[in-house]
Amino acid sequence: MELLKVENLCKVYGKGENEVRAVDGVSFSVERGQMVAIIGASGSGKSTLLHMIGAVDRPTSGKILIDGQDVFQQNNRELAIFRRRQVGLIYQFYNLIPVLTAEENITLPLLMDGRKPDPAHLERILEMLGLTARRHHLPSQLSGGQQQRVSIGRALFTAPQIILADEPTGNLDSKNSAEIMELFRKSNREMKQTILIITHDENIAEQCDRILVLKDGKIIADEAQAVPSDDRGEGDEQDAL
Amino acid sequence: MRYEQLLASRYIRAQKRQSAFTVISILVAVAIITMFFLLYGVCMNCVKNASYASEPFHLAVEGLTDEQGEALVSAEHVRYGWLDRAKDGTVTAYLLFEDDIGDREIWMQHAAEQIGAYKQFLWNRYHWNNTLMMLDGIGNEGKRSKLQIFCIFFVAAVLAAFSLRLIIDTAFEISSKERERHYGVLQSIGATPEQIVRIITAEAMRLCLIAVPLGLGAGIVFAYAIYEAVLKAGLADLFRGVSKAKVALPFTVDPKMLLVAAAVGTVWVFLSAYGVGMRIVKKAPMEAIITRANDVKKVRKHTLSGLLFGISGSIASRNARRQKKRFVITVLALTVSITVFALFTTLTESVERCVIGMTEYFTGDTDFFGYCLCNNSTGRQAAESAQMLADSGLFREIRLNVPQTVFVTRGKQRKMLTVGYVNREQYEAMFGADMPVSYDELVRSGSYVLDPASPLYAQADLAGVQDELQAVTKYRSFPKDQIKPGMESVVMEKYAEAEDREVTLKIAAAAKDQLPEGAQRYPVIGALETFEAVKDEWFCDFDVDWNFECISAVNANYNAADLKTAKDWFYSNMESCMLSDNIYETKWKTNRTLASLRAGVLFLNVLIALAALINLLNIVSTGIANRRSELASLESIGMTDRQLNRMAVIECLQFTGAAAVIAAVICLLILLGTEKVLRAMIDGIFLTGSESEQTVWMLRNMTNVDRVKPMLRIAAAALTALAAGCITSRVMLRRQNTESLSDRIRGTEMQPDLKKSHLLRNSLIAAAGAVFLIAAGLRIYTVAAYRHDRKEYEKAGYLNLVDSNGFKMNVYSTGAEHGKHTIVGLAGMGVNSYPIVTAELNARLGKENTLVYPDRAGYGFSDDSYKSQSLEQVVEDYRTGLKNAGFEAPYVLMGHSYGSYYALWWQMKYPDEIEAIIFLDGTWLEKNECWDSSTINEFPSESDAYAAFRRAFLRSWFGLDRLPADDAQPECRYGKALFSEEQLALWDMTDYPEWSAAFLSELKNEPEATRELRKNLHPTDTPKLYFSTMYTCEEDVREYMEFQKADYEASGLEYKMNIETAAKYEWRRDAWSYQDMYENRLSPFLEQCGNCRLVSVGGDHGIFFAQKSDEVADTILDFLAETTG
Ligand SMILES: Nc1ncnc2c1ncn2[C@@H]1O[C@H](COP(=O)(O)OP(=O)(O)OP(=O)(O)O)[C@@H](O)[C@H]1O
Ligand SMILES: [Mg+2]
């Protein structure tokens, strides 16, 4: 079943001489529960594409449909609710709120929704991200990798339908990277989350169902791949169900 | 905690400096708004009180009969009215309206018809007090003008408020700019626009919580400071001293005004925050995230500062471009304050110059105009009066002139001509260096000069006259036997027989044609000596008055003391020198008013400068703080401290330079504009078209505004701002330098400290505690001082506390133990020292009688009482107190002034207890019921008066009345000549506290007491003796003044009045009104009391029984012996 559909998406920066077509007529669709890797050279428009899917940036032209609904047809308030409940966005440059502690940053989307965070759930996420000891620290007191993990925690905490991750493991060592990927895969499996990951890491790309390759704002390759790991089977079963 | 609150508190703490700046900005803005509102209140009060002081009525109708007056006073809509008898026997009714009367002319017409005074209406014998009608919003016109005034104020307030919005806006703009990125992130993780706005406004409201109360406080302080400054700068002099001015123009804080100010401030902050929030949510989150506060939008390769200052300059100029809006706002704020600063003094100066110049144009340099009077019945001549002027030593220059009318024949017409006979001073003032012939020559030859500068010169066509002028005079003669004492020469001139006489005037010369025209010039001028020589032959057979124009000996510096001296002199010499125009007073008032204006505007100026400075410092310091890591990067790649500092200085230079240039341009425009306006004013209003070139030139010259000084001021202000900016940036850079480079490069801009701070709460508690402690301290001091005084009073033998109805009453007694009579003294309103000032009287009366002085509640050292002090209550208190002190009826009541009310009431209620009543100048019942005790009369309305009383009571309760008055000028001590130092000291003691609750209540009860008494008063047989101090002859006036003089001299002050003439004058002026009061008010009152003997004694109402104790005591003893056996 198709969850996300991108139609002829364009994003143009600047004018005239300085014009940059960061995303240039991109179309694709993603099934529910798919895990997609987006790769491409630096400056090829990956982040821009992801931001538009996460509805934090407006396309110059084209459409994004989620569950068949045009995202940008919604008004600002609906968009905000959409971002809050449906998407978890992990930024390349973390974008944490500097005046809030790690824990507060993670629970913020839920607080904004007017809900109380479940302490056990918070405990589990902090545990998984290895941040338990650092929960009361401000972002400026954390290392780059730790900040990245906080931003991952923030995206995962509300268990959204779609997770958009912009180089989530860019600052992590291989052991940590593997753990994070494991986390993504687990929630992909358990909650049927759809996950889009931008990465420069071959290993990570290979763990995904599908790889999109971008160049100069255009998709130049879109390959599904057989998943090496055994837990794919389960996912397929569930898919079949 | 809600997450909005969490974020808000964190941001505030993370950006302490910026929050502080924002708080200060809001504070200043709220303070200015508060000040504005409060001063509006004070101004309105000022106008209102001034108006009540001079014309305390809405409408005055003259020429009525008594019945018409009574009818008018009780007409519909009239709150309160009173009648005043004029010299011609008619009455004038003064009315204050209770509520709106609609169209006032219609009301008047209607009322006139009803009371049968249509004539008065037709002849316009009524006068609307427009100011008061406006202030009270009575009548259609009144309401309209009140609305107009309010609109003007409102527009001004709105303008001010908008410029204040700029301050608040800037503060928010600056602090939120840096955080736009964070708001973008919040949006990207799902914050709705409302939530973003709510977060920003939550923070703003938190800051408001601190800033608004502080701002209100600061506003009150500012307003009070301005009020004080304005009073001290000159306004107070118009009211004869600061403390008197404060009574007339009270500074009151209206809670409503504070509320409005707080609301305006809060709304402004909210709107500012809301605006910022709305701007952020309009962007897509990603836009907000990537537009860092400090990003350069466009790069210009070559900039001026780059050229001038190399790489530091280049970077600096890009920094300015980073935030156009911020740059613009800062420059704007700076420009406004620099402009105001530069212009204000110049403009007030030139307005001042114009106002003073105008006065001088019409009056010359003269300070006093008037007449040197002659007296044909005694034979005193005007020359003697002129000599008195000269002998007084008060005047630097005395110009004398006697204008006489003559006629010349021109063709078939007879033209009127004025010949001015002037003395040497006047002659010199007229011609200065351009004298056609010397004055001595004029006197010697008895000739005349012609003055073309006089408007009459051209009219009478004197141009062709040479050597001689043929003219006709009106010779007036007045029969000697018809001259009455005090007959004025003007009157004689009017009724004298006139006949024509042909005369020839020898013309010595004509003055130059180019002298400035003036109001006071004569076409033909002769010497005063010549006048004396020819008067009897040419003009009249009696003496005439001379005109004088004097210049004060000290006119360089107009002041109240000299004014008073001069006025006193003229007052006591009014038989010989009569003042007609007191220009000195006008000039002095103008001076004082201008000085006040200057002080007030100066203060505003300071505030505006403060706001601008705060803005500048905020921008400079935020600019540096935000670029913490960036600057560190620059340093890490090798930029030196010097270069960094240079960069910062160049940035400040950009702000101040731009502001200075714009300010200079605006200044020039405004200056030229004002010049135009002033000129237009002079051309349109003052010049009539017939003035000579020179006059016009002189007037125009006055309006020339200095253009160099403002430019210098701009430079100075800009340099000050630059210096302040540079110091701030240097301090900021120095502070940052204490951290390591890597910390600075890595560290993000914000690090709140996560500990909770209770600073606000603690400081509020501390402030409240301090206020409480001070109040408690004052109260303890007050009570201790009171106890101490009471001890002293006891030592002097005056204290004898007994229980009365719920309070301790002091019942002092003296004289014989079981005397023939028990005389009970009932004090007048507010007279705490009754037992002390009657000491001499007591000694005489006490030989055979017992004297008792019970102090009613709140008086002397009797306790205060919070019961309503009705007649009934006070009399019952007296009775209980006397009984408990062991004094049994019957009593002889001796009521002084208002004490007579209690005496009358007592006697009516318990006739058996009262043997006799002695009124010491007792208060009589007025026909009109009103609250017109002398104290209340000073206030515009009852509620104003009671508010003032309540304030005074609070002051007393905290002992503030014991502090010395702030303008303790040497004053004449009342009774100084009569009483010993010990007595005066005791007297002073009894006067604290100045205000008690009981006294306040007594004052409030006065109208009711009057009504009550009037209703019940009926003649009784109880013998009564009334002492009156009302003047019955000129001798009484003189005696009163002698007593006053004695007090003055005992106090070490000079008594400046000439008693002889002043008494004569006063008696001549007011005798009829005393007569009227005697016949129409006092006598009917005494008849109403029944069996009352009237004795007239001179002296002062308050202490005549001490001044004339022999006479009073003897009369009392005789009276008692006669009537009671
Ligand atoms: N705000 C902007 N204004 C102008 N051009 C921009 C802006 N944001 C991105 N670009 C341009 O758009 C192109 C795509 O940028 P994007 O950040 O999507 O690249 P990326 O694929 O994520 O690169 P990387 O792997 O280095 O993160 C780049 O060439 C960049 O220069
Ligand atoms: Mg990227």
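Residues numbered from 1 in each chain as written. Chains lettered and ligands numbered in written order. Predicted model: local features only at pLDDT ≥ 70, side-chain atom pairs only at ≥ 80, totals over all residues. Heavy atoms only, no water.

Asks: Please clarify how the site of ligand 1 should be interpreted in this entry.
Replies: All names here are of chain A. Looking at ligand 1, there are 15 residues lining it, with Ser42, Gly43, Lys46, Ser47 and Thr48 nearest. One of the side-chain nitrogen or oxygen atoms of serine 47 is found 2.6 Å away from an oxygen atom of ligand 1. Between ligand 1 and histidine 200 there is a distance of 3.3 Å, counted from an oxygen atom to a side-chain nitrogen or oxygen. With the chains in place, 65% of the 630 Å² that ligand 1 exposes on its own is no longer accessible. When residues of the shell around ligand 1 are traced back to their parent elements, those giving at least two are strand E2 (20-31) and helix H1 (46-53). Per-element tally for the shell around ligand 1: the top contributor is H1, with 3 residues. When the residues that make up the shell around ligand 1 are grouped by side-chain class, the tally is 5 nonpolar, 8 polar and 2 charged. (Near = heavy atom within 4 Å. Polar contact = N/O pair within 3.5 Å; in protein donor to acceptor, adjacent residues only side chain to side chain. Areas by Shrake-Rupley, 256 points an atom, 1.4 Å probe, with all protein chains shown as cover. Helix = DSSP H or I, 4+ residues; strand = E, 2+ residues; numbered from the N terminus. Nonpolar A, V, L, I, M, F, W, Y, C, P; charged D, E, K, R; others polar.)

Asks: Before we go on, may I ask you to explain the packing of helix H3 (residues 102-112) of chain A against helix H1 (residues 3-14) of chain B in this structure?
Replies: The packing of two helices is summarised by the inter-axis angle and the distance between the axes. Contact pair H3(A) / H1(B): the axes reach a minimum separation of 10 Å and the direction vectors enclose 140°. On the basis of the axis angle, H3(A) is oblique to H1(B). Contacts from A:Glu104, A:Leu108, A:Leu111 and A:Met112 of H3(A) reach H1(B) at B:Tyr3, B:Leu6 and B:Arg10. Residues that form the contact of H3(A) with H1(B) fall into these classes: 5 nonpolar, no polar and 2 charged. (Axes fitted to C-alpha atoms, helices over the stretch in contact; angles between N-to-C directions. Parallel < 35°, antiparallel > 145°, perpendicular 65-115°, else oblique. Contact = heavy atoms within 4.5 Å.)

Asks: Just to check I follow, could you spell out the interface of chain B and chain A for this structure?
Replies: Frequently, the measure chosen for interface size is the accessible area removed from exposure when the parts meet. Listed as interface residues are 30 residues of chain B and, on the opposing side, 29 residues of chain A. When chain B packs against chain A, close to 2700 Å² is buried across both sides, 64% of that on carbon and sulfur atoms. Counting across the interface, chain B meets chain A through 2 salt bridges. A salt bridge links A:Arg77 to B:Glu194; its shortest N-O distance comes to 2.7 Å. Joining chain B to chain A, the criterion identifies 8 residue pairs in polar contact (both at pLDDT 80 or more). Listing elements by their share of the side of chain B that touches chain A, those giving two or more residues are H1, helix H8 (180-188), helix H9 (193-238) and helix H12 (285-290) of chain B. Among the residues forming the side of chain B that touches chain A, the class breakdown is 18 nonpolar, 8 polar and 4 charged. (Buried area = accessible area lost by both parts, 1.4 Å probe. Salt bridge = Lys/Arg side-chain N within 4 Å of Asp/Glu carboxyl O.)

Asks: Where do I start with the confidence of the model for chain B in this structure?
Replies: Residues and elements named next belong to chain B. Scored by pLDDT, chain B has a mean of 81; 86% of the residues are at 70 or more. Here residues 293-297 is modelled with pLDDT under 50, and outside its nearest four sequence neighbours on either side it reaches 11 contacts, counting other chains as well. Contacts from residues 928-936, a stretch scored under 50 in pLDDT, to residues over four places away or in other chains number 27 contacts. (pLDDT = per-residue confidence, 0-100.)

Asks: Looking at this structure, how should I read the packing of aromatic side chains?
Replies: Working definition: an aromatic ring pair is given by the centre-to-centre distance plus the angle between the planes. Residue and element names in this part refer to chain B. Enumeration over the complete set of coordinates arrives at 46 aromatic pairs over all chains. A ring pair is formed by tyrosine 793 and phenylalanine 861, whose centres lie 4.6 Å apart and whose planes are at 40°; its orientation type is tilted. Here tyrosine 793, found in helix H28 (residues 759-795), pairs with phenylalanine 861, found in the loop between strand E17 (850-854) and helix H31 (871-884); they are 68 residues apart in sequence, far enough to count as distant. Exposure remark for phenylalanine 861: the relative accessible area of 0% places this residue in the buried category. A centroid spacing of 4.6 Å and a plane angle of 40° characterise the contact between tyrosine 798 and tyrosine 812, whose relative ring orientation is tilted. Pair noted here: tyrosine 798 is in the loop between H28 and strand E14 (801-803) and tyrosine 812 is in strand E15 (residues 808-815), with a separation of 14 residues, a long-range link. For tyrosine 798, a relative accessible area of 10% gives the class buried. The buried category is assigned to tyrosine 812, whose relative accessible area is 12%. Chaining the aromatic ring pairs together yields one cluster made of Tyr786, Tyr793, Tyr798, Tyr812, Tyr834, Tyr853, Phe861, Phe1027, Phe1104 and Phe1105. Its guanidinium or amino end placed over the ring of tryptophan 987, arginine 973 lies 4.7 Å from that ring's centre, counting from NZ or CZ. (Phe/Tyr/Trp six-rings, centres within 6.5 Å; stacked < 30°, edge-to-face > 60°. Buried < 20%, exposed > 50% of the residue type's maximum accessible area, 1.4 Å probe, protein only. Lys NZ or Arg CZ within 6 Å of the ring centre and 35° of its normal.)

Asks: Just to check I follow, could you spell out the sheet that holds strand E3 (residues 91-97) of chain B for this structure?
Replies: By definition, the strands of a sheet pair up through backbone hydrogen bonds, in either a parallel or an antiparallel sense. Residue and element names in this part refer to chain B. Pairing is antiparallel in the open sheet, where 4 strands are placed in the order E2-E3-E1-E4. The sheet terminates laterally at strand E2 (78-85) and strand E4 (126-128), the two strands that pair on one side only. If you compare each strand with its neighbour and ignore which way they point, the axes differ by 15° on average. Relative to E3, E2 runs antiparallel, the two being bridged by 7 bridges. Opposite tryptophan 82, over in E3, you have tyrosine 94 as the bridge partner. Taken strand by strand, helix H4 (residues 104-115) contacts strand E1 (59-64), E2, E3 and E4, and its axis lies near 150° from that of E4. (Pairing = 2+ DSSP bridges.)

Asks: Whenever I open this one, the pattern of salt bridges confuses me. Can you help?
Replies: Close approach of charged atoms allows side chains of opposite charge to pair. All names here are of chain A. Counting across every chain of the model gives 44 salt bridges over all chains. Between aspartate 222 and arginine 210 there is a salt bridge, and its shortest N-O distance comes to 2.9 Å. Residue aspartate 222 is located in strand E10 (residues 218-224), and its partner arginine 210 is located in strand E9 (residues 210-215); the two are separated by 12 residues in the primary sequence. A relative accessible area of 41% means that aspartate 222 is categorised as partly exposed. A residue is classified by how much of its surface remains accessible, and arginine 210, at 9% relative accessible area, is buried. Within this structure, Glu19, Arg21, Asp24 and Lys218 form a network of salt bridges that share partners.

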